[in-house]
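Spelled out from the first residue to the last, the chains are:
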Amino acid sequence: MENLVGFLLFIIIIGGLMLLFNVYTKFLAKLSSKQLKKRLDSGKINDAKLVKLYNTYKKQKDNKLMAFLLSGIFYKSYLKIPEAAYNLYEQEMIKRNLPLQ
């Protein structure tokens, strides 16, 4: 009986840690998105750098292997970080009339 209680307690603790990691990843995605938006709105990124960053995030936004290696089973929530950045870069490129490649 003690083994069963210990095993259930272990499962609950691991589940709690996984939940905390998921919440942390979502928080990190929102924070980095807001920071990037402020940086783009301030105009500190020139056109050449914007195109380079856009192309970089275009490749990274669907990289499931790297997301799985970095965040395990929460790779889908981790994929939201580069996808959000890609969308922000894309909007800025449309705003500046730069060609989307």
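Now for a description of the structure that goes with this document. All of these numbers come straight from a predicted model, not from anything done at the bench.

Considering the overall build of the protein
So, point 1. The number of helices and strands found in the protein is five helices and zero strands.
So, point 2. Over its C-alpha atoms the protein spans a radius of gyration of 19 Å, topping by over 25% the 13 Å that the globule rule assigns to 101 residues.
So, point 3. Projecting the C-alpha coordinates of the protein onto the three principal axes gives extents of approximately 70 × 25 × 15 Å.
So, point 4. Across the protein, the fraction of contacts at a sequence separation of at least 24, relative to all contacts at a separation of at least 6, is 72%.
So, point 5. A total accessible area of about 7700 Å² is found for the protein, and carbon and sulfur atoms account for 65% of it.
So, point 6. Averaging the positions of the 17 positive and the 7 negative side-chain charges in the protein gives two centres separated by 3 Å.

What to know about a positive patch on the surface
So, point 1. Together, Lys26, Lys30, Lys34, Lys38 and Lys80 give the surface a local cluster of positive charge.
So, point 2. The element that contributes the greatest number of residues to the positive patch is helix H1 (residues 2-42), accounting for four residues.
So, point 3. Residue class for Lys26 comes out partly exposed when judged on its relative accessible area of 41%.

What to know about unusual backbone geometry
So, point 1. Despite not being glycine, Asn97 shows a phi value in the positive range, around 60°.
So, point 2. Mapped onto the fold, Asn97 is located in the segment after helix H5 (80-95).
So, point 3. By relative accessible area, Asn97 is classed as exposed at 68%.

Description of the packing of aromatic side chains
So, point 1. Inspection of the entire model under this criterion finds two aromatic pairs.
So, point 2. With a centroid separation of 5.2 Å and an interplanar angle of 20°, the aromatic rings of Tyr54 and Tyr86 are classed as stacked. Residue Tyr54 is found in helix H2 (residues 47-60), and its partner Tyr86 is found in helix H5; the two are separated by 32 residues along the sequence. One exposure class covers both Tyr54 and Tyr86, and it is buried.
So, point 3. Taking the centre distance of 5.4 Å and the plane angle of 45° together, the rings of Tyr57 and Tyr89 count as tilted.

Some details on the environment of Leu69
So, point 1. Structurally, the position occupied by Leu69 is in helix H3 (residues 64-71).
So, point 2. Owing to a relative accessible area of 62%, Leu69 belongs among the exposed residues under this scheme.
So, point 3. For Leu69 and Lys49, which are 20 residues apart along the polypeptide, the C-alpha to C-alpha distance reads 28 Å.

Quick word on the packing of H1 against H5
So, point 1. The contact between H1 and H5 brings their axes to 9 Å, and the two run at 20°. Taken together, the axis directions place H1 and H5 in an arrangement best described as roughly parallel. Relative to H5, H1 is oriented so that their crossing is right-handed. Of the residues in H5, those in contact with Thr25, Leu28, Ala29, Ser32, Ser33, Leu36, Lys37, Leu40 and Asp41 of H1 are Ile81, Ala84, Ala85, Leu88, Tyr89, Glu92 and Lys95.
So, point 2. For the contact of H1 with H5, the residue count by class is nine nonpolar, three polar and four charged.

So, how was this worked out
- Within any chain, residue numbers begin from 1 and follow the written order of that chain's sequence.
- A pLDDT threshold of at least 70 governs which residues receive local features in this predicted model, and a stricter bar of 80 or more applies before side-chain atom pairs are shown or counted, although totals over entire chains, interfaces and linings include all residues.
- As a rule here, side-chain values come from all non-hydrogen atoms in the structure, and water together with hydrogens is ignored.
- Labels follow the DSSP assignment, with helices taken as runs of H or I lasting at least four residues and strands as runs of E lasting at least two, numbered in each case from the N terminus.
- All radius of gyration figures rest on C-alpha atoms, and the globule criterion is 2.2 Å times the number of residues raised to 0.38.
- Contacts between residues were defined by any pair of non-hydrogen atoms, one from each residue, lying within 4.5 Å.
- Surface accessibility in these figures is a Shrake-Rupley result with a 1.4 Å probe; residues are shielded only by whichever protein chains are displayed.
- Charged residues are defined here as Lys and Arg on the positive side and Asp and Glu on the negative side; His and the ends of the chain fall outside this count.
- Each charge is placed at NZ for Lys, CZ for Arg, CG for Asp and CD for Glu.
- The residues that make up patches have over 30% relative accessible area and no salt bridge, and they are joined within 9 Å when like-charged or within 5 Å when they are Val, Leu, Ile, Met, Phe, Trp or Tyr.
- By definition, a salt bridge exists where a carboxyl oxygen of Asp or Glu is found within 4 Å of a side-chain nitrogen of Lys or Arg.
- Burial classes: relative accessible area under 20% of the type maximum marks a residue as buried, over 50% as exposed, and values in between as partly exposed (1.4 Å probe, protein chains only).
- For this analysis, a ring pair means two rings from Phe, Tyr or Trp (six-membered ring only for Trp) whose centres lie within 6.5 Å, classed as stacked if their planes differ by under 30 degrees, edge-to-face if by over 60, and tilted for the remaining angles.
- Axis definition: a line fit to C-alpha positions, over the contact stretch in the case of helices; interaxial angles, taken between N-to-C directions, run 0 to 180 degrees.
- Comment on the angle field: the value is read as roughly parallel under 35 degrees, roughly antiparallel over 145, roughly perpendicular from 65 to 115, and oblique elsewhere.
- Crossing handedness follows the turn of the near helix against the far one: under a right angle anticlockwise gives a left-handed crossing, and clockwise gives a right-handed one.
- Nonpolar residues are Ala, Val, Leu, Ile, Met, Phe, Trp, Tyr, Cys and Pro. Charged residues are Asp, Glu, Lys and Arg, and all others, Gly as well, are polar.

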